[in-house]
Amino acid sequence: MKPKMFSLLGIARRAGKVYTGESQVEALLRKKRGILLIVAEDSPGSYSKFGPWASDLGIPVIRASNKRELGIAVGQSPRSVILVDDKGFAEAMLKEYKA
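Cut-offs applied
Residues numbered from 1 in each chain as written. Predicted model: local features only at pLDDT ≥ 70, side-chain atom pairs only at ≥ 80, totals over all residues. Heavy atoms only, no water. Pairing = 2+ DSSP bridges. Helix = DSSP H or I, 4+ residues; strand = E, 2+ residues; numbered from the N terminus. Axes fitted to C-alpha atoms, helices over the stretch in contact; angles between N-to-C directions. Contact = heavy atoms within 4.5 Å. Buried < 20%, exposed > 50% of the residue type's maximum accessible area, 1.4 Å probe, protein only. Arc of directions from axis to C-beta. Core = buried A, V, L, I, M, F, W, Y, C linked by side-chain atoms within 4.5 Å. Parallel < 35°, antiparallel > 145°, perpendicular 65-115°, else oblique. Nonpolar A, V, L, I, M, F, W, Y, C, P; charged D, E, K, R; others polar.

**Looking at the sheet that holds strand β1 (residues 18–20)**
Taken in spatial order, the four strands make up an open sheet running β1-β4-β2-β3, and their pairing is mixed. The sheet is open, and its two borders are formed by β1 and β3 (61–63), each paired with just one other strand. Across the sheet, the mean angle separating the axes of adjacent strands is 20° when strand polarity is ignored. Here strand β2 (residues 36–39) runs beside strand β4 (residues 81–84); their pairing, made up of four bridges, is antiparallel. Within the sheet, the bridge partner assigned to Ile38 lies in β4 and is Ile82. Relative to β2, helix α5 (residues 87–98) is tilted by about 50°, and along the sheet it contacts β2, β3 and β4.

Next comes the structure, spelled out in structure tokens:
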């Protein structure tokens, strides 16, 4: 994952627009909320659980980095899955991911 994406994740977390961990992400997906799902590449179980679910809801899915780096990006312990719930942050991250 590119350094700018790490920065965007950290800023989005401080703004309260990022939800991490399987329980929080699952709760939000049940409510059909979320703009972008980021899943760690070293977490195939999380991808198989949340990837198709998010795709069915029309939420783009990015497989990026590893659990440790995702956790560091949001200032927490290792995280396998992150849900961004802000359109501006999500669009900026997708743009950076595709660049």
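**With respect to helix α2 (residues 22–30)**
Those residues of α2 that sit buried are Val25, Glu26, Leu28 and Leu29. Summarising the axial view, the buried residues of α2 lie within an arc of 165°, below the 170-degree limit, and thus occupy one face. In α2, the exposed residues that point more than 90 degrees away from the buried face are Ser23 and Arg30. Here the buried face of α2 lies against β1, β2, α3 (44–56) and β4. Two residues or fewer past α2, Lys32 is found with a positive phi of approximately 60°.

**Description of the nonpolar core**
Counting residues in each nonpolar core, the largest one holds 19 residues, and the members touching the most others are Leu9, Leu36, Ile38, Val84 and Met93. Only α1 (3–14), β2, α4 (67–73), β4 and α5 provide two or more residues apiece to this core. Look past the residues within four positions of Met93 in its chain and what remains in contact with it is Met5, Leu8, Leu9, Ala12, Leu36, Ile38 and Val84. If you look at the next biggest cluster of nonpolar residues, it comprises ten residues, including Leu37, Val39, Phe50 and Ile59.

**Overview of the packing of α1 against α5**
Where α1 contacts α5, the two axes come as close as 9 Å, and the packing angle between them is 170°. Taken together, the axes of α1 and α5 are roughly antiparallel relative to one another. Along its contact with α1, which presents Lys4, Met5, Leu8, Leu9, Ile11 and Ala12, the element α5 presents Phe89, Ala92, Met93, Glu96 and Tyr97. Tallied by class, the residues present in the contact of α1 with α5 amount to nine nonpolar, no polar and two charged.

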